[in-house]
Amino acid sequence: MELVAITGIHILYAVASLFLIAAGLAIIFGMMGVINFAHGEFLMIGGFAFVLAVRAGVNFWIAMFVVAPLVVMAIGMAVERLVVRHLYGRTVETILATWGISLLFIGIASVTLGYQQQGVSAPFGSVEIGQYREGGYTFFIIGLAVAVLAGMYVVLRWTPFGLIARGTMQNANMAAALGTHVGNVYSVTFGLGAAISGLAGAAFAPIAGVMPISGLTYIGKAFITVIVGGALPLTGTATSSGLLGGVNSVVTILSNPVLGEVALLAAAVLLLRLLPAGITGRFFKGGM
């Protein structure tokens, strides 16, 4: 029973981690259609903002839930206003611009913060499950993913901003004709996606550390998860996280992490071959 419980926890952790990595991109790419190659660097900046804030004496949880998201949100909104706003509908130019921003952020972080891994200790200690021990922070990551999913659903489904944002993404001209300031909606929506990415980067910093190239470990998984999810950003990302994270975790447990990553990519390729429009392009066609 203890082995089954530990295995289940590891699978849930893999699913939760994948969802947190991709959640911000689900808004920026899934809702807005912006191919943001700087997504991994948003997570990296969130991790550094969290670590530096904690070292400066800021409370651990304030640094994670306030400082990191707000710093990355501000940077994300600046990127949208200064660069991305001028490139909507121009896919190739957007890819090149955000890739350049990604390299810029990596360079700035390397010059100012050094090219070594930094981090802080994870709280909560460990939990005994029979003869096994599991880090308490694992349960926090799982709970955080559930909270982020619920929060995104509430904001996008039940708040006036969520209604306006979804309507604007579907038909910007109609939204503008009804009096919506489309530019502000795009800016805030992009900033919200960036803020979620910053929170995720901060959450992973105590267990994975953070360094200037940390974003490179996140960006591929994030895009794969969102693309496999399909047209509905929230439902699709949650579903694909469950499938791909489960495959990755099971194969990792049975073999090793390298084969787990290979299995994740193979599962993504197979799903896209069978479901070219993604999971929600075939199933779950209603909703978000």
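Refer to the structure printed above.
Now for a look at the structure at hand.

Criteria and cut-off values
Residues numbered from 1 in each chain as written. Predicted model: local features only at pLDDT ≥ 70, side-chain atom pairs only at ≥ 80, totals over all residues. Heavy atoms only, no water. Helix = DSSP H or I, 4+ residues; strand = E, 2+ residues; numbered from the N terminus. Rg over C-alpha atoms; globule rule 2.2 N^0.38 Å. Contact = heavy atoms within 4.5 Å. Areas by Shrake-Rupley, 256 points an atom, 1.4 Å probe, with all protein chains shown as cover. Phe/Tyr/Trp six-rings, centres within 6.5 Å; stacked < 30°, edge-to-face > 60°. Buried < 20%, exposed > 50% of the residue type's maximum accessible area, 1.4 Å probe, protein only. Lys NZ or Arg CZ within 6 Å of the ring centre and 35° of its normal. 1 Å grid on protein atoms, 1.4 Å probe; cavity = no way out; pocket = protein on both sides within 12 Å on 5 of 7 lines; lining within 4 Å. Points joined across faces, edges and corners; volume = space filled by probe spheres on them. Expected span 1.5 Å × (residues − 1). Nonpolar A, V, L, I, M, F, W, Y, C, P; charged D, E, K, R; others polar. Core = buried A, V, L, I, M, F, W, Y, C linked by side-chain atoms within 4.5 Å.

**Thoughts on the overall build of the protein chain**
Reasoning step 1: When helices and strands are counted, the protein chain shows 12 helices and two strands.
Reasoning step 2: Over its C-alpha trace the protein chain gives a radius of gyration of 19 Å, about what one expects of a compact globule, namely 19 Å for 288 residues.
Reasoning step 3: Dimensions of the protein chain, computed from C-alpha atoms along their principal axes, come out at roughly 65 × 45 × 35 Å.
Reasoning step 4: Of the contacts made within the protein chain by residues no fewer than 6 positions apart, 77% connect residues no fewer than 24 positions apart.
Reasoning step 5: For the protein chain, the accessible area works out to roughly 13,200 Å², and carbon and sulfur atoms hold 70% of it.

**Examining the packing of aromatic side chains**
Two descriptors summarise a pair of aromatic rings, namely the distance from one centre to the other and the angle between the planes of the rings.
Reasoning step 1: Going through the model one piece at a time under the given rule, you end up with 15 aromatic pairs.
Reasoning step 2: Ring centres of Phe-204 and Tyr-218 lie 5.9 Å apart, and the angle between their planes is 25°; on these two criteria the pair is classed as stacked. Here the residue Phe-204 occupies a position in helix α8 (residues 182–208), and Tyr-218 occupies one in helix α9 (residues 216–229), the gap between them amounting to 14 residues. Each member of the pair, Phe-204 as well as Tyr-218, is classed as buried.
Reasoning step 3: Counting every residue linked through ring pairs, the aromatic cluster contains Phe-50, Phe-60, Trp-61, Phe-65, Phe-124, Tyr-137 and Phe-140.
Reasoning step 4: Above the face of the Trp-158 ring, Arg-157 is positioned so that its terminal group lies 4.3 Å from the ring centre.

**Observations concerning empty space enclosed by the protein**
Reasoning step 1: The full count for this structure, using the stated rule, is one cavity of 30 Å³ or more.
Reasoning step 2: In this model, the largest cavity occupies a volume close to 30 Å³.
Reasoning step 3: Listing elements by their share of the lining of the largest cavity, those giving two or more residues are α2 (39–55) and α8.
Reasoning step 4: Top element by residues in the lining of the largest cavity is α2. It accounts for three residues.

**Section: the environment of Gly-40**
Reasoning step 1: Inspection of the secondary structure puts Gly-40 in helix α2.
Reasoning step 2: Each residue touching Gly-40, except ones within four places of it in the same chain, is listed here: Gly-215, Tyr-218 and Ile-219.

**Digging into α8**
Reasoning step 1: Along its 27 residues, α8 runs 38 Å from first to last C-alpha, staying within 8% of the 39 Å computed at 1.5 Å per residue.
Reasoning step 2: Phi turns positive, to about 70°, at Gly-209, one or two residues after α8.

**A short note on the layout of surface pockets**
Empty space left among the atoms is revealed by rolling a probe the size of a water molecule over them.
Reasoning step 1: In this structure, the largest pocket occupies an estimated 570 Å³ of space.
Reasoning step 2: Surrounding the largest pocket, 24 residues form its lining, Tyr-13, Ser-17, Ile-21, Lys-221 and Glu-261 being those nearest its centre.
Reasoning step 3: When contributions to the lining of the largest pocket are tallied by element, the ones reaching two or more residues are α1 (2–31), α8, α9, α10 (233–254) and α11 (257–274).
Reasoning step 4: Among the elements that make up the lining of the largest pocket, the one with the highest residue count is α1 (six residues).
Reasoning step 5: For the lining of the largest pocket, the per-class residue count stands at 12 nonpolar, 10 polar and two charged.

**Here we look at the side chain of Thr-168**
Reasoning step 1: Of note, Thr-168 is situated in helix α6 (residues 160–170).
Reasoning step 2: Taking relative accessible area as the criterion, Thr-168 reaches 1% and is therefore assigned buried.

**Focus on the nonpolar core**
Reasoning step 1: By size, the foremost hydrophobic cluster in this structure holds 68 residues, and its most contacted members are Leu-20, Phe-50, Met-64, Ile-141, Val-148 and Met-152.
Reasoning step 2: Sort the elements by how many residues they give to this core and α1 lands first, with 13 residues.
Reasoning step 3: One finds Leu-18, Val-228, Ala-268 and Ile-279 within the second-largest nonpolar core, a separate group that totals nine residues.

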